[in-house]
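# Inside the fold
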Amino acid sequence: MQEVIRCAVLGLGRLGYWHAENLAHKVKGAELVTVIDPMEGRAEEVAKELGVANWSRDPDVAFHDDQIDAVVIVTPTATHAELIKRAAKNGKHIFVEKPLTQELNDADEVIAVLQQENVFCQVGFMRRFDPAYAEAKRRIEAGDIGKPLYFKAASRDGNVPHEEFIKYSGGIFLDVAIHDYDIARFLMNQDVTSVQSGGNILLESNQFMKKYNDVDQGFTYLTFDGGATGDVETMRIAPYAYDIRGEVVGTEGAIQIGSMRSTDVKLLTPNGSTHDLIQDFPSRFKNAYLLEMIHFIDSLLQDQAPLCTAVDGKAALEIAAAATESYLSGKEVELKNSIEKSVI
Ligand SMILES: NC(=O)c1ccc[n+]([C@@H]2O[C@H](COP(=O)([O-])OP(=O)(O)OC[C@H]3O[C@@H](n4cnc5c(N)ncnc54)[C@H](O)[C@@H]3O)[C@@H](O)[C@H]2O)c1
């Protein structure tokens, strides 16, 4: 058995830095040998900070390095398809951030190349590894709430991204709600067959989103192939917290995920009782980002396919594309469900 997986991280922005830090210092069996970012000075800065031996502005440096076993792609979504294909063709295993690709049309070609080159690929749906979501999955599988009937989710973020990010993000359904589409499939153990979605720009300061057919608040109604239904609320303008919640109602009970608390401390004064609120995604999902990377490296060490594959990535992408289409047309959209059932 291979003892160490040598990795390169591509893209050292908001999230890439966290993945690089985890691989450099916290994931047993991983060695971070190269960090890459085209932005002048960024790769060198991160390499020095994390004690990584090599850095570059060019992804080909990692693809053509025989020492490197796996690449972690944390670049803007529009670059994923091309980078995955180049990595696979150079024999590298791949961890890619969500979404798998920006366009649904590209997903099939990406999956075909991964299969042809016989490399593993994990998609960064880290909620599956978050201790609360993982425990909910375990309890549902154990039958604790009976048969799942209804899925409910709210993802409210208060950190409105800048215009350049919105322009290339693919829209709120692809960029944000996709996490809930994936976790819906995971928790319900059912596939989505149709969606009806809508949305609005609720804040005057976000009117620029209109140019990109985007909204700061959206909703999606889901219908599942097992007869269940659900709804997903998605918001970029929560003024109070990074508020991520989920719920599954079953025939015997319900399970709720997410408390919004950062520390388990309650302040009591004559004015009332208060507790803190989580403010951003690195705080809420710090553990999950580490646990998903531990899983990726462990899987490679054991020469096994990791969970949360490119096929799962395509399934969530298909829901997001249908939700975007439904928002634009105002009509319910049926999914083709061209995915394998066994991957949830
Ligand atoms: N799982 C999650 O919770 C989560 C959270 C945030 C972002 N993401 C995903 O991560 C990806 C990156 O998002 P971000 O917010 O970190 O973006 P970002 O804009 O902060 O960072 C992207 C970085 O990639 C670099 N880059 C651009 N092209 C590159 C290339 N060809 N090779 C190497 N580096 C390149 C940029 O210079 C930049 O530093 C997106 O796909 C996004 O959807 C996922």
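Since we're looking at a predicted model, the values are computed, not measured.

Counting buried residues in helix 1 (residues 16-25) gives 7 out of 10 residues, a clear majority hidden from the surface. By the burial criterion, the buried members of helix 1 are Gly16, Tyr17, His19, Ala20, Glu21, Asn22 and Leu23. Lining the buried residues of helix 1 we find strand 1 (5-10), strand 2 (30-36), helix 2 (42-50), strand 4 (70-73), strand 5 (93-96) and helix 9 (281-301).

What follows is about the pairing of strand 9 (residues 217-224). Examined bridge by bridge, strand 8 (residues 192-200) and strand 9 share 8 bridges and lie antiparallel to one another. Paired with Asn200 across the bridge in strand 9 is Gln217. When strand 9 meets strand 10 (residues 229-235), the two strands line up antiparallel, connected through 7 bridges. Its bridge partner lying in strand 10, Gln217 is registered against Met235. Hairpin connection from strand 9 to strand 10: 4 residues lie between these consecutive antiparallel strands, with Gly227 at a positive phi of about 100 degrees.

Another aspect to go through is the sheet that holds strand 2. Two orientations exist for strands paired in a sheet by backbone hydrogen bonds: parallel and antiparallel. As summarised here, the arrangement of the 6 strands in space is 3-2-1-4-5-6, forming an open sheet in which the pairing is parallel. Whereas interior strands pair on both sides, the edge strands pair on one side only; in this sheet they are strand 3 (54-56) and strand 6 (121-123). Averaged over all pairs of adjacent strands, the angle between their axes in this sheet comes to 20 degrees, without regard to strand direction. Of the strands in this sheet, strand 1, strand 2, strand 4, strand 5 and strand 6 are in contact with helix 9, which crosses strand 5 at around 170 degrees.

Before going further, it helps to examine the state of the cysteines. Chemically, a disulfide is nothing more than a covalent bond linking the sulfur atoms of two cysteines. Taken as a whole and assessed by the stated rule, the structure comprises 0 disulfides. In this structure Cys7 is not part of a disulfide, and its nearest cysteine sulfur, from Cys121, lies 14 Å away. Given the relative accessible area of 0%, Cys7 is considered buried.

Under the defined criterion, the tally for this structure stands at 26 salt bridges. For Arg57, the salt bridge goes to Glu40, with nearest N and O atoms at 2.8 Å. Highlighted residues: Arg57 in the loop between strand 3 and helix 3 (60-63) and Glu40 in the loop between strand 2 and helix 2, separated in sequence by 17 residues. Given a relative accessible area of 64%, Glu40 falls into the exposed group. The closest approach of N and O atoms between Asp191 and Arg185, which form a salt bridge, is 2.7 Å. We note that Asp191, like Arg185, is buried. A network of salt bridges, in which partner residues are shared, links Arg128, Asp182, Arg185, Asp191 and Asp312.

Let us look at the domain arrangement of the protein chain. By the assigned domains, the protein chain splits into domain 1 (5-126 + 289-306) and domain 2 (127-281 + 311-343). The interface is formed by 21 residues belonging to domain 1 together with 23 residues belonging to domain 2. Overall, the association of domain 1 and domain 2 removes approximately 1,900 Å² of surface from exposure, summing both partners, and the carbon and sulfur fraction of that is 69%. When residues of domain 1 are sorted by the area they lose upon contact with domain 2, Leu104, Phe125 and Met126 head the list and together hold 36% of the total. Linking domain 1 with domain 2 are 2 salt bridges. Where domain 1 touches domain 2, the interface holds 8 residue pairs in polar contact (both at pLDDT 80 or more). Elements with a contribution of two residues or more to the side of domain 1 that touches domain 2: helix 5 (104-117), strand 6 and helix 9. For the side of domain 1 that touches domain 2, the per-class residue count stands at 11 nonpolar, 5 polar and 5 charged.

Moving on to the site of the ligand. Within the structure, the ligand sits among 24 residues, and Arg14, Asp37, Thr77, Glu97 and Tyr289 are positioned closest to it. One nitrogen or oxygen atom from the main chain of Leu15 is found 3.1 Å from an oxygen atom belonging to the ligand. Interatomic distance of 2.9 Å between a side-chain N/O atom of Thr77 and an oxygen atom of the ligand. Both domains that furnish three or more residues to the shell around the ligand are identified here as domain 1 (5-126 + 289-306) and domain 2 (127-281 + 311-343).

Turning our attention to the pairing of strand 11 (residues 243-250). Looking along a regular strand, one sees side chains alternate from face to face of the sheet. Counting buried residues in strand 11 gives 6 out of 8 residues, a clear majority hidden from the surface. One ladder, built from 8 bridges, connects strand 7 (residues 148-156) with strand 11; its direction is antiparallel. Residue pairing across strands places Ala153 opposite Gly246, the latter belonging to strand 11. As judged from the 4 bridges shared by strand 11 and strand 12 (residues 254-257), these two strands associate in the antiparallel manner. Of the residues in strand 12, the one forming a bridge with Gly246 is Ile257. A loop of 3 residues connects strand 11 with strand 12, the two strands running antiparallel in sequence.

What counts and what doesn't
By convention here, each chain's residues receive numbers from 1 onward along its written sequence. Selection of residues for local features in this predicted model requires a pLDDT of at least 70, selection of side-chain atom pairs for listing and counting requires 80 or more, and totals for whole chains, interfaces and linings are taken over all residues. The basis for every side-chain value is the complete set of heavy atoms in the structure, and neither hydrogens nor water enter the calculation. Per-residue accessibility, obtained with a 1.4 Å probe over protein chains only, is compared with the maximum for each type, and a residue is labelled buried under 20%, exposed over 50%, and partly exposed between these values. In this text, helices come from DSSP runs of H or I with a minimum length of four residues, and strands from runs of E with a minimum of two, each type numbered from the N-terminal end. In this description, contact between two residues means that some pair of their heavy atoms is separated by no more than 4.5 Å. Paired strands, in this sense, are two strands between which DSSP finds at least two bridges. Axes, fitted as lines to C-alpha atoms, cover a helix only where it is in contact. Angles between the N-to-C directions of the axes lie from 0 to 180 degrees. When two cysteine sulfur atoms lie within 2.5 Å, the pair is treated as a disulfide. Any carboxyl oxygen of Asp or Glu that lies within 4 Å of a side-chain nitrogen of Lys or Arg is treated as forming a salt bridge with it. Marked domain ranges trace back to an automatic or database domain assignment. When two parts are brought into contact, each loses some accessible area as probed by a 1.4 Å sphere; the total of that loss over both is the buried area. Throughout this description, a polar contact denotes any pair of N or O atoms lying within 3.5 Å of each other; where both atoms belong to protein, one of them has to be capable of donating a hydrogen while the other can accept it, and for residues adjacent in sequence the pair is counted only when both atoms sit in side chains. Amino acids outside the nonpolar list (Ala, Val, Leu, Ile, Met, Phe, Trp, Tyr, Cys, Pro) and the charged list (Asp, Glu, Lys, Arg) are all regarded as polar, and Gly is one of them. Near residues are defined by distance, with any heavy atom within 4 Å of the molecule or strand qualifying the residue.

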